[in-house]
Every structure is written in structure tokens, then in C-alpha cells.
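Remarks on the overall topology
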Amino acid sequence: MVFITHRSQGDALRETFAENARIVELSRWTGNPVSAAVVVGYLAAVINSSTRPLVFSSNTPLFYTLLPYLREDAFVVDLIHAFGGGIESISLPFAARLNRRIVIDYHTLEDLNRLYAGCNMPDDLLKRVGVVENGVAVPVAKPERVATERLRVLYVGRGTEEKRVHLVGRIARLCHELGVPADFTLVGALMHAVDLADHPYCRFTGELQDPEAVAAVYRASDILLLTSEREGFPMVVMEAMANGVVPATTDVGGISHHLRDGENGFLLGDCRDEDDLVRRFAAIVERLHQDRPLLHRLSDAAYAHAAANFSGKGFESYYEKLFATLPAVAGDR
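Residues numbered from 1 in each chain as written. Predicted model: local features only at pLDDT ≥ 70, side-chain atom pairs only at ≥ 80, totals over all residues. Heavy atoms only, no water.

1. Things to note about the sheet that holds strand β3 (residues 54-58)
Spelled out, the test is: Two strands pair if DSSP finds at least two bridges between them. The helix count covers DSSP runs of H or I at least four residues long, the strand count covers runs of E at least two residues long, and both are numbered beginning at the N terminus. Simply put, an axis is a line fit to the C-alpha atoms, just over the touching stretch for a helix, and the angle between two N-to-C directions goes from 0 to 180 degrees.
Read across the sheet, four strands follow the order β3-β4-β5-β6 without closing on themselves; strand pairing throughout is parallel. With one partner strand each, in any of the chains shown, β3 and β6 (129-131) form the two edges of the open sheet. Between one strand axis and the next, the sheet turns through 20° on average, direction left out of account. The pairing of strand β4 (residues 75-80) with strand β5 (residues 100-103) spans four bridges and is classified as parallel. Within the sheet, the bridge partner assigned to I80 lies in β5 and is V103.

2. Focus on the packing of helix α6 (residues 166-178) against helix α9 (residues 274-290)
Basically, it comes down to this: For classification purposes, angles smaller than 35 degrees are called roughly parallel, those larger than 145 roughly antiparallel, those between 65 and 115 roughly perpendicular, and all remaining angles oblique. Crossing chirality is assigned from the near helix's rotation relative to the far helix, an anticlockwise turn below a right angle marking it left-handed and a clockwise turn marking it right-handed. Residues count as neighbours in contact if any of their non-hydrogen atoms are within 4.5 Å of one another. Residues are grouped as follows: Ala, Val, Leu, Ile, Met, Phe, Trp, Tyr, Cys and Pro are nonpolar; Asp, Glu, Lys and Arg are charged; all remaining types, including Gly, are polar.
Closest axis-to-axis distance for the α6/α9 pair is 9 Å, and the angle between their directions is 55°. Of the possible angle classes, the one that applies to α6 and α9 is oblique. Between α6 and α9 lies a crossing of right-handed hand. Only E274, D275, L277, V278, R279, F281, A282 and V285 of α9 make contact with α6, whose side of the interface consists of H166, L167, R170, I171, L174 and C175. When the residues that make up the contact of α6 with α9 are grouped by side-chain class, the tally is nine nonpolar, one polar and four charged.

3. Here we look at the pattern of salt bridges
We count it as follows: A carboxyl oxygen of Asp or Glu within 4 Å of a side-chain nitrogen of Lys or Arg is what we treat as a salt bridge. The buried label goes to any residue with under 20% of its type's maximum accessible area, the exposed label to any with over 50%, and the partly exposed label to all in between, with areas taken from a 1.4 Å probe on protein chains only.
One pass over the structure, following the stated rule, counts 16 salt bridges. A salt bridge links D222 to R152, with the shortest nitrogen-to-oxygen separation between them at 3.2 Å. Here D222, found in the loop between α7 (211-219) and β10 (223-226), pairs with R152, found in strand β7 (residues 151-156); they are 70 residues apart in sequence, far enough to count as distant. As far as the burial class goes, D222 and R152 line up, both buried. A salt bridge links E212 to R219; its shortest N-O distance comes to 2.5 Å. The partly exposed category is assigned to E212, whose relative accessible area is 43%. Where salt bridges share partners, they join R173, E177 and D198 into one cluster.

4. Here's the deal with unusual backbone geometry
Positive phi is not limited to glycine here, since N120 has a value of about 55°. Within the secondary structure, N120 is located in the loop between α5 (106-118) and β6. Unlike most non-glycine residues, R164 shows phi in positive territory, near 50°. Within the fold, R164 resides in the loop between β7 and α6.

5. Here's the deal with the side chain of T185
Mapped onto the elements, T185 comes out in strand β8 (residues 182-187). Assessed through its relative accessible area of 12%, T185 is described here as buried.

6. Section: the confidence of the model for the chain
What counts here: The predictor rates its confidence in each residue with pLDDT, a number between 0 and 100.
With 97% of its residues at a pLDDT of at least 70, the chain reaches an overall mean of 91. Taken together, the stretch residues 328-333 has pLDDT below 50 and engages in seven contacts with residues farther than four places along the chain or on a different chain.

What follows is the structure, given as C-alpha cells:
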């Protein structure tokens, strides 16, 4: 069973969830404290009626409100993508109740370690934390690209505040003003996230729910921009590199664990000054337009790194073992 506790920006993956689980939509009730309490009671009743239930959660504060009401033998796991969203603080009082914690990159593990140490948490609690990096489909060979005069620059993702997608629009406009021949494509529900004045310099596809359509966009792109002020290790960087797209990103979260500046992409540190960031990103686009051999070398290196590191074998193995602890009777519910 999958309980959706808060409304998403889109429903691109809803069908995939529905193909693999029974979906229970709760988001309409969780915004009100009274009805949210009823939801917690409902969830506790459903979970506690199972035999040795395994409860897995990510990015929902409601989960930690629920924990005190679960039976003692419930095996509970949470997944943290990155620090900075507040979930790390909300979850801290419940760290001892969590049987296992999962983070997706080593930078987040370091953040968690510092948080525990600063709060004088018992050392053994950190032993419950595992790093499980995500995986993506990596083509057996780097997808071929047709060379074009205009560089093809891509952004894929949400339009939430920490992503700073408005900077992508500003970079597109600056490239136009500098005479850099580049086309900017933004994939996702993003028109609201870019200033109207910058819309003429961007192409908005909206959400793409067909995986092949998304793969086609990557194959038709040269550079991925990521302007975030915080991250874990984004799937879009993995997907881009797997398709030979050169990532140019802010140096946040666990990105530097895989991305090497000037070797398989570009990392921009000191990313607080947005005006400076826009100029530096535009300079990268201009440089790669002028130096196509460099673009090709970075593309080859990005794909090679993805092929060696992003297959997801460790991801699959970890979760297969984790969910194998579910008893058959719980799966019948």
C-alpha cells in the first residue's frame, strides 16, 4: 500500500505507482490539524493490523507524527534526499525509533553525522544509516548526436524555490544578448518559475510522462543546467550523464562526489550571488559553443562515468533485501 500524504506538483509517476501498489490518497485531509489527526489514527489502525509491518517513508512530516502510535515490532525506515528542507530537524526526536535510515549520497550522510554529533545523539544511531545511491537506465553505448550550429541547453525538474529555475531564464536571455547561439529547453511544469520577460528565450515542454519522450530530449541536448541552492544528488544529473549530456551545476549536496569540474562537467562554487551565477553559467555555454572538441570530450567522459557508476545494481540489491523482510501475510492486505 502506498499512502500519498501531500499533494504533488504533478502526477507524472502516479500511474507507475498504481501499477505496483494500492494507492490511498490522503492529501485532501492532511492540511487541517483535526483531519490530519484522524488520518494518523487511520494509518495506525491499518498498519497495526498487519503482521510485523514494514513502514517506509520519505519527505512527509506526517510519518514522524505517526511513529509513536505504531506497534513496537513495526520495522520503520525513512529516506532523506537532502538537508535544508526541514525534515532533518523534524525527524531528529524520532531517530531512536527508526530501525533504518537511508540517504542517497555521502554528503547527506556527513550532514546527518554532524547533526547527530551536535545534538549529542548516541553513536550507535549513525550505524543505522545507509547510503544507497540511485540508479538510472544507462544505454549500452553513448547516444549519437547530430552536430548543430546552435547549442542545445536543457533544464529538467521541478520549479520549486530551491531549484532557482528563474536563473535558467536569465541565463537564456543573457546568452541571447551576448550573441551566443543556444536554444534553451525546460522540461516540467515551469512556466510559472521563469520571469515573463525571459519566456521568449526559453522553450517550455511541460511535463513529459512518457519515458521515451524524456530520453529523446536528453539525446537531443548538449548541456544540462542545474542552478539549485541545495540538492542531494539529483536524478537529472545521472540521467543527463548517462546520455552524454554535459552537466553544468552549482556545487551543492553530493554532486561533487561524481562530477569533476572540467573533466566530466562543470561545478560552480560560491553560488549565493545570483547575478554572478548567471554570468558564469552563460560563460560556460559560450565556451562550449566556441570549443566543440571540449564539448565532445566532456560528453564522452560524462557517459563513461555514468556507465561505470549509475547502473543501479547496488540500489536494486539493497531494496530487494530490505523489502524481503515483509511477511507474506502483510502483502495480502
